Amino acid sequence: MNFAKLDTDTSQHAAAALTFPMTFDAFRKTLDGKIRDDTIDKSRPDFSTTNVCRNANEHYTCDFHDAGFQSTVTNFKKLDLINGRFTLKLKLDVETVGGKVSLIILSGDRGDPVNLLQFVGTVENVMQTFDSTVGQQSGEEKKIVDELGLMRGDNADDIGKPRTAIKRYAEIDCLYQNSKLTTHVECRFVPRS
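Everything numeric in this text was worked out from a predicted model, so none of it was measured. (Residues numbered from 1 in each chain as written. Predicted model: local features only at pLDDT ≥ 70, side-chain atom pairs only at ≥ 80, totals over all residues. Heavy atoms only, no water.)

Peer 1: So what's going on with the overall build of the chain? Residues and values would help.
Peer 2: When its secondary structure is counted, the chain shows five helices and seven strands. Its helices and strands in sequence order give the chain the pattern α-α-β-β-α-β-β-α-α-β-β-β, from N to C terminus. Here the chain holds 193 residues, and 44% of them are scored as buried. (Helix = DSSP H or I, 4+ residues; strand = E, 2+ residues; numbered from the N terminus. Buried < 20%, exposed > 50% of the residue type's maximum accessible area, 1.4 Å probe, protein only.)

Peer 1: Please provide a residue-by-residue account of the state of the cysteines, values included.
Peer 2: Enumeration according to the criterion identifies two disulfides in this entry. The disulfide partner of Cys-53 is Cys-62, and the S-S distance across this bridge is 2.1 Å. Looking along the S-S bond of the Cys-53-Cys-62 disulfide, the torsion reads about 115°, which is the right-handed sense. Overall, the relative accessible area of 1% leaves Cys-62 in the buried class. (Disulfide = S-S within 2.5 Å.)

Peer 1: Quick one: what's the story with the pairing of strand 2 (residues 59-64), residue by residue and with numbers?
Peer 2: Only one face of strand 2 is covered, namely the one carrying Tyr-60, Cys-62 and Phe-64; the face carrying His-59, Thr-61 and Asp-63 has none of its residues buried. Inspection of the sheet shows strand 1 (residues 50-56) paired to strand 2 by five bridges, in the antiparallel sense. Residue Asn-55 lies in a different strand from strand 2, and its bridge partner there is Tyr-60. Turn length for the strand 1-strand 2 hairpin, with the two strands adjacent in sequence and antiparallel, is two residues, and the turn residue Asn-57 shows positive phi of about 50°. Bridge count for strand 2 against strand 3 (residues 91-97) is four bridges, and the pairing is antiparallel. The residue bridging His-59 from the neighbouring strand is Glu-95, located in strand 3. (Pairing = 2+ DSSP bridges.)

Next up, the structure:
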């Protein structure tokens, strides 16, 4: 089940939508800045930033640069933790209303540890675009992971149900399904007034 399909009528969403106080371009620029801040290899700052974004009727779909992901794959292989070929499965969908961001959907995959880690890190980066203090306090990253269920597995009591966190800037809903159905994972960021 694709979490994004829970919105059955996007025109209802547009009519009643709150918006974040930024355009898509401003959001993308800020998100890429947060990702660059987290990039260990400062000689290659765009290792993991957004790559290509397509726009159709106030809906943007972006993929991400693959180099940072492949670097992580290489490092995991050096540690003999994984074997094989891996493809980055991270995607960003953004809806806008009147030029302002009204919904952010980050999609990924938990079928391998590298994609899961990339997804979890990018969820935190999206949060940091609205609150630069996210992840700065000791133990806060673990709290975010636990609150949103970002590392939950099939044995979690709430697998298949969204986990919700209410922040001053957004309601964040993250959905993980039983891996027998799909390893697709998704977090939605809905603005709050």
